[in-house]
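Structural features, examined
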Amino acid sequence: LAKTTQPISMDSYEGQEVNITCSHNNIATNDYITWYQQFPSQGPRFIIQGYKTKVTNEVASLFIPADRKSSTLSLPRVSLSDTAVYYCLVESGQNFVFGPGTRLSVLP
Amino acid sequence: GAVVSQHPSWVICKSGTSVKIECRSLDFQATTMFWYRQFPKQSLMLMATSNEGSKATYEQGVEKDKFLINHASLTLSTLTVTSAHPEDSSFYICSASEGTADTQYFGPGTRLTVL
C-alpha cells in the first residue's frame, strides 16, 4: 500500500507556473500515479496519469523520475480558477488511499 | 467521455431513516465502483469497493450492515445508509473505473445531512 506525502498547502500568483511534488517511496512495479483536482463540494476531477518519465496533456505535465519514488505535477500559468485541492494517488489494485492533498491558493 | 453521475446531489433526512444514493457511469461500463466519504476540510476516505455482480469489499472500520452497497449492473451502484444518524452526515462520493487498476472517474458527490 503506497502512501503518498504532499505539501499541505501552497500559494501562487496568477500567471506563474506551479509545481507540486508528491513522494511515494513504496510504489510498486504495477502502480500508476494519478493526480486529481477537487473544488469544494465537488467530486475530484482527473488531471493526469503517468507511469514514468514525462506525460503532458492540455492541462498539466507530470514528471516522474527513474526511481518513481516521487512525481511532480506542473501547472503552467495558473489562474484564480485553479485554486483547489490537488491529490496525488498511487493506484494500487484495489487499494486507493488518498493523502491529505495540497491546497493551492492562487492569488491575483 | 468518462462521466459519472450521482443522485441525489443533496439530501436531508431524519435520524433513524435510510437513504439511498445512486452512482451511474453514463458513457462507459464500470466493472468496479468505489464509495468514499469526505468530512469537511478532510481528504477522501475509501469506504468500499464493489465489482459488478459481487459483494462489496469494505474497508476496515466501515460497517457493512449500515452502509449497504449494491452493484447490480455495469452502470449502476447504490449506497444505502441505513438507520442514519447525525454522525453519518458527510459528503459521499462515488467513482467508477473499467477495471480495478484503471483510472477512477468521480461523481459530483452527494451531501447527506441527518437531522
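Here the structure is a predicted model, which is why all the values come from computation and not from measurement.

About the criteria used
- Residues numbered from 1 in each chain as written.
- Chains lettered and ligands numbered in written order.
- Predicted model: local features only at pLDDT ≥ 70, side-chain atom pairs only at ≥ 80, totals over all residues.
- Heavy atoms only, no water.
- Helix = DSSP H or I, 4+ residues; strand = E, 2+ residues; numbered from the N terminus.
- Patch = residues over 30% accessible without salt bridge, like charges linked within 9 Å, V, L, I, M, F, W, Y side chains within 5 Å.
- Areas by Shrake-Rupley, 256 points an atom, 1.4 Å probe, with all protein chains shown as cover.
- Salt bridge = Lys/Arg side-chain N within 4 Å of Asp/Glu carboxyl O.
- Buried < 20%, exposed > 50% of the residue type's maximum accessible area, 1.4 Å probe, protein only.
- Pairing = 2+ DSSP bridges.
- Axes fitted to C-alpha atoms, helices over the stretch in contact; angles between N-to-C directions.
- Phe/Tyr/Trp six-rings, centres within 6.5 Å; stacked < 30°, edge-to-face > 60°.
- Lys NZ or Arg CZ within 6 Å of the ring centre and 35° of its normal.
- Contact = heavy atoms within 4.5 Å.
- Buried area = accessible area lost by both parts, 1.4 Å probe.
- Polar contact = N/O pair within 3.5 Å; in protein donor to acceptor, adjacent residues only side chain to side chain.
- Nonpolar A, V, L, I, M, F, W, Y, C, P; charged D, E, K, R; others polar.

Bringing unusual backbone geometry into the picture now. Cis geometry marks the peptide bond from His7 of chain B to Pro8 of chain B, where omega comes out at 0 degrees. Position of Pro8 of chain B relative to the elements: it lies in the loop between strand 1 (4-7) and strand 2 (10-13). Backbone geometry at Thr53 of chain A places phi at a positive 60 degrees, although glycine is not the residue there. Looking at where Thr53 of chain A falls in the secondary structure, it is placed in strand 5 (residues 53-56). Not every positive phi belongs to a glycine, and Lys41 of chain B is a case in point at roughly 65 degrees. Tracing the sequence through the fold places Lys41 of chain B in the loop between strand 4 (32-38) and strand 5 (45-51).

On to a nonpolar patch on the surface, then. A contiguous nonpolar patch, built from Trp10, Ile12 and Leu115 of chain B and spanning about 380 Å² of accessible area, is present on the exposed surface. Overall, Ile12 of chain B belongs to the partly exposed group, its relative accessible area being 48%.

What follows concerns the sheet that holds strand 3 (residues 32-38) of chain A. All names here are of chain A. Taken in spatial order, the five strands of this open sheet run 1-9-8-3-4, and their pairing is mixed. Bordering the open sheet on either side are strand 1 (9-13) and strand 4 (45-50), each of which pairs with just one other strand. Strand-to-strand twist of the sheet, defined as the mean angle between neighbouring strand axes without regard to direction, takes the value 25 degrees. Relative to strand 4, strand 3 is paired through five bridges, and the arrangement is antiparallel.

According to the stated counting rule, one finds eleven aromatic pairs over all chains in the structure shown. With centroids separated by 5.4 Å and ring planes inclined at 85 degrees, the aromatic side chains of Tyr87 of chain A and Phe98 of chain A adopt a geometry described as edge-to-face. Note that Tyr87 of chain A is positioned in strand 8 (residues 84-91) and Phe98 of chain A in the loop between strand 8 and strand 9 (102-107), a separation of eleven residues in sequence. Taking the centre distance of 5.6 Å and the plane angle of 45 degrees together, the rings of Tyr36 of chain B and Phe106 of chain B count as tilted. You can see Tyr36 of chain B sitting in strand 4 and its partner Phe106 of chain B sitting in strand 10 (residues 105-106), a full 70 residues away along the chain. Residues Tyr36 of chain B and Phe106 of chain B agree in their burial class; the two are buried. Positioned over the ring face of Tyr51 of chain A is Arg68 of chain A, at 3.9 Å from the centre of the ring. In this structure, Lys66 of chain B is placed above the aromatic ring of Phe67 of chain B, and the distance from its NZ or CZ to the ring centre is 5.9 Å.

Let's shift gears to the interface of chain A and chain B. With 18 residues of chain A at the interface, the matching set in chain B holds 22 residues. When chain A packs against chain B, the two sides together hide about 1,500 Å² of surface, and 51% of this comes from carbon and sulfur. Summed over the shared surface of chain A and chain B, the number is zero salt bridges. Linking chain A with chain B are seven residue pairs in polar contact (both at pLDDT 80 or more). Breaking the side of chain A that touches chain B down by element, the ones donating at least two residues are strand 3, strand 4 and strand 8 of chain A. Considering only residue class, the side of chain A that touches chain B consists of eight nonpolar, eight polar and two charged.

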